[in-house]
Structure formats: structure tokens, C-alpha cells
Amino acid sequence: MTLKEIAQKAGVSISTVSRVINNQNSKAASKEVQDRIWQIVRETGYTPNISAKSLQKGEQAPINTRSLACLFARTPDSPNDPFFSSLARSVETAAYQQNYLVKSSFTAFDLTETASNIRMFMDPSINGVAVLGRIDKAGLKFLKQHCRFVAYTGLNEINAKYDQILCDGYQASVTAVEHLIGLGHRHIAYIGETNNETRYNGYKDTLEKHRLPCNASYVASVQQTSGGGLKGALKILEQQPLVTAFFCSNDVTAIGAMRAIRDKGLKIPKDISVISIDDIDTAQYLSPMLTTIHVPIEEMGQMTAKILIDRITGGHTLPMKIFLPFYLSQRESCAPPGEDGRDR
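Rules used throughout
- Think of each chain on its own: its residues are numbered from 1, step by step along the sequence as written.
- Side-chain atom pairs in this predicted model are given and counted only at pLDDT of 80 or more, local residue features only at pLDDT of at least 70, and totals for whole chains, interfaces and linings cover all residues.
- Hydrogens and water molecules were not included; the side-chain quantities draw on all heavy atoms of the structure.
- Here, a strand pair is defined by DSSP locating no fewer than two bridges between the strands.
- Here a strand is any run of E in DSSP of at least two residues, a helix any run of H or I of at least four, and the numbering for each starts at the N terminus.
- Throughout, an axis means a line fitted to C-alpha atoms (over the contacting stretch in the case of helices), and angles, computed between N-to-C directions, take values from 0 to 180 degrees.
- Contact definition: two residues touch when any of their heavy atoms are within 4.5 Å.
- Accessible area is worked out with a 1.4 Å probe on protein chains only. A residue is then buried under 20% of its type maximum, exposed over 50%, and partly exposed in between.
- Polar contact criterion, stated in full: a pair of N or O atoms within 3.5 Å, where within protein one must be able to donate a hydrogen and the other to accept it, and residues adjacent in sequence count only if both atoms are side-chain atoms.
- Throughout, the arc means that of the directions going from the helix axis to the C-beta atoms.
- Criterion for a salt bridge: a side-chain nitrogen of Lys or Arg within 4 Å of a carboxyl oxygen of Asp or Glu.
- Geometric relationships in this document are graded by angle, where less than 35 degrees denotes roughly parallel, more than 145 denotes roughly antiparallel, 65 to 115 denotes roughly perpendicular, and other angles denote oblique.
- The sense of a crossing depends on the near helix, which, turned anticlockwise from the far helix by less than a right angle, makes the crossing left-handed and, turned clockwise, makes it right-handed.

Draft legend 1. Structural view of the sheet that holds strand β3 (residues 126–132). The strand order across the open sheet built from 6 strands is β2-β1-β3-β4-β5-β11, with neighbouring strands paired in parallel fashion. What marks the edges here is a single partner per strand, and that holds for β2 (101–107) and β11 (321–323). Taking the axes of each pair of neighbouring strands and ignoring which way they run, one obtains an average angle of 20° across the sheet. Contacting β1 (67–72), β3, β4 (150–154), β5 (163–166) and β11, helix α12 (residues 297–312) runs over the sheet at an angle of about 165° to β5.

Draft legend 2. Region of the structure containing the environment of Ile293. Examined against the element boundaries, Ile293 turns out to sit in strand β10 (residues 291–294). Classification of Ile293 as buried rests on a relative accessible area of 0%. Through-space distance from the C-alpha of Ile293 to that of Gln330 is 8.3 Å; in sequence the pair is 37 residues apart. Setting aside residues no more than four positions away along its own chain, Ile293 makes contact with Ala172, Thr175, Ala176, Ser276, Ile277, Asp278, Asp279, Phe326, Tyr327 and Leu328.

Draft legend 3. Molecular detail of the side chain of Gln164. Looking at the element boundaries, Gln164 is found in strand β5. We classify Gln164 as buried; its relative accessible area is 2%. At 2.9 Å, the side chain of Gln164 and the backbone oxygen of Ile158 are in polar contact.

Draft legend 4. Main features of the pairing of β2. Of all 7 residues that make up β2, 5 are buried, and the element is covered over most of its length. Bridging between β1 and β2 involves 6 bridges; their strand directions are parallel. Within β2, the residue paired with Leu68 across the bridge is Val102.

Draft legend 5. Quick look at helix α1 (residues 3–10). Among the residues making up α1, those that are buried are Leu3, Ile6, Ala7 and Ala10. The arc that holds the buried residues of α1, viewed along the axis, is 100°, so those residues lie on one side. Opposite the packed face of α1, turned more than 90 degrees from it, sit the exposed residues Gln8 and Lys9. Gly11 occupies a position one or two residues after α1 and carries a positive phi of about 75°.

Draft legend 6. Main features of the pattern of salt bridges. The final tally for this structure, using the stated rule, is 10 salt bridges. A salt bridge links Lys264 to Glu238; its shortest N-O distance comes to 3.8 Å. Within this pair, whereas Lys264 is found in the loop between α11 (251–263) and β9 (273–278), its partner Glu238 is found in helix α10 (residues 226–239), the two being separated by 26 residues in sequence. A salt bridge links Arg331 to Asp279; the shortest N-O distance between them is 2.9 Å. Of the two residues, Arg331 is situated in the segment after β12 (327–329) and Asp279 in the loop between β9 and β10; the sequence distance between them amounts to 52 residues. Its relative accessible area of 22% is what places Arg331 among the partly exposed residues. The class of Asp279 is buried, set by a relative accessible area of 13%. Linked by salt bridges that have partners in common, Arg134, Glu193, Glu197 and Arg199 make up one network.

Draft legend 7. Representation of the sheet that holds strand β8 (residues 245–248). As summarised here, the arrangement of the 6 strands in space is β7-β6-β8-β9-β10-β12, forming an open sheet in which the pairing is mixed. If you trace the sheet from one side to the other, it starts and ends with β7 (219–221) and β12, each paired once. The mean inter-strand angle of the sheet, taken between neighbouring strand axes irrespective of direction, is 20°. Looking at chain direction, β10 and β12 are connected through 3 bridges and run antiparallel.

Draft legend 8. Looking closely at unusual backbone geometry. The omega torsion of the bond from Ile268 to Pro269 falls at 5°, within 30 degrees of zero and hence cis. For Pro269, the position within the fold is in the loop between α11 and β9. Its identity as a non-glycine residue notwithstanding, Asp278 has a phi of 135°, on the positive side. By secondary structure assignment, the location of Asp278 is in strand β9. The buried category is assigned to Asp278, whose relative accessible area is 3%.

Draft legend 9. Region of interest: the packing of helix α8 (residues 169–182) against helix α9 (residues 198–209). It is the contact of α8 with α9, at a shortest axis distance of 7 Å, that shows an interaxial angle of 40°. What the angle tells us is that α8 and α9 run oblique. In terms of crossing hand, the pair formed by α8 and α9 is right-handed. Facing α8, whose interface residues are Gly169, Tyr170, Ser173, Val174, Val177, Glu178 and Ile181, α9 presents Thr198, Arg199, Asn201, Gly202, Tyr203, Asp205, Thr206, Leu207 and Lys209.

Nothing here speaks to function; it is geometry throughout.
The following block contains the structure:
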């Protein structure tokens, strides 16, 4: 298989294929085209020649037998979540640069002690597993028993002696809530998961620090999906009329919450401000554009692949814990409570 043949199968130019698989430009093609190219790469086992010149000419590269797997551990729907799909694509691209393929993808459903699942994880062609998103104790136990090399990435630290590439979800939440408080909001609701979730803990601790109300009527414990955001926002709007701002655990949840606000005839940010975490591509194209905490998704995926491969090849033996920075991306969905706001 050559670059030219991949381009023909994908229906794009050779230069587009080269830019996508060599990460020269993350905007080189649409998500659909990138996914199509990577699917062909996985199916054919194509890897680049050592010489950059041969890459440019589209010469044939050797078939690679080294591979990684991605485990979408957060929820069974994680592969469809923009955050996790972008994270996985970044892992795949960085692995490819070191002649590794992401051969397989698993979800939390696959972490059960069945013969078929154990065979999948013990496949000798899978050299290591990249865990995307928080994993529970049962999942960690499964990995410890059946996987030799594991690296984890997410916003929640895990209690395991694995390499961890993190963006601090707790401090990101503190930053988001402090931003709302700085704008003058005093009745701030939370929408998202709450069990063992650092983002919820950051929200709760920040409100307590400022002696602001934080009780069950301000919290909607829902799945971190657009459907969960819709359901959670409707619940809070019905039970807590004082709320003037929503802190959503991620952007997808915020999208559902924004729909609920509009369905109730309210305006963003005049009546309700909305802030979240992740900064997926869609955030800047919403109306109004979503204020969110920018998480370095691409860099997290790249670092996860590099650290995992370094461990596989014996580059390090002690578990590493690496924190990558975040920042507040201020857009249009947050403003001070209006003079006719819901808490006036």
C-alpha cells in the first residue's frame, strides 16, 4: 500500500493523506475524511518509510506489527464524544510517527472477565493500552491482570501505578466558577456527573469558599452528554428559580443545557450564563459562542502515546504523572447577571 493508493481509496489528494497521517496540519481535512484515512491505514497496516523523501514520493512502506489499543473507559458512548474522539485521533497520529498503529478500540463494556474479552486484551500484537477517561476500580483490576503496559489520560487522577497524563479537572473547575463569581453571579448551578468527579468537587469547594449557596436544588447529577445537559438544565430551571449561571462539566453537556435554556424562552447570557470545560471545536461555532476552559486535547493524546511507547521500549520504569496546562477561553455565553435577571 502506498500513499497514492490510500489517497485513491479515500478519494482525496496524496498531499492531504500525507498531512493527516504526519500531523502536519490538524485542519488538513474534515473529521470524516481523517477518520476514513485512518481506517484505511489501520486496515492495511501502512506505516511511513524512514526516509521523508520516500514518503513524499508515495513509495511503499513496510507492514508494521507494533500496535496500541485505545480504551474509552469513561462511558460506552465515549468514542462518539468529540473530546474523546479527538483525543484518540491525537494518540493515533503520535503513535504513527513512531511506527505504531492503533489497532483496536475498546469501551468499558469490554472490561469483563469473559474469555473473548481476555483474548482481545492479551492479543500479542497489542503492545500497550492507552486509557482515555476515568476508569473505575473494576476496570483497573482487569487491566492489571491482563495488560502489561498502560498509560492513562484524563481530567481525574486515578489510584494506580500507571503513567498518567493529566489536565487538572479540579483546578479547571475552580477557574470556571471563580470566573462566574467575578462576574457577579451568586446562584450557580452544576450539571454533570458527581460521583468521584473532581469537576464537581471543584465547583462545590469554590462555592463553599465564597459562602455561596450549594445544595441539591443547584445540582443535576446527569450523564455528561447533550441529553444529560438538556435534562439537567430543565430540572434546575424548574426547581431553583434563583439560578443565574450554569457550570457544566463539559462542552457537550453545555450544548444540551443551552438548548434547555432556549426552550424555556430564556436568553444566554442575559438570563442565564453558561460555562463549561473542554473547548471542543464546536464551542466557538455555537450561538452564542461558548465560554469554556480550554483543555489541551491534542497535546494530551500526543504525550500519552509518547509516554506509553517509551515505557514499552524500556525508556522508563517508574510511573510518571504529567500535568498539562489549561486556560479560560472567554467568549459570549457569560456576562454579569442582568438588571432584570432571575436573582433580582
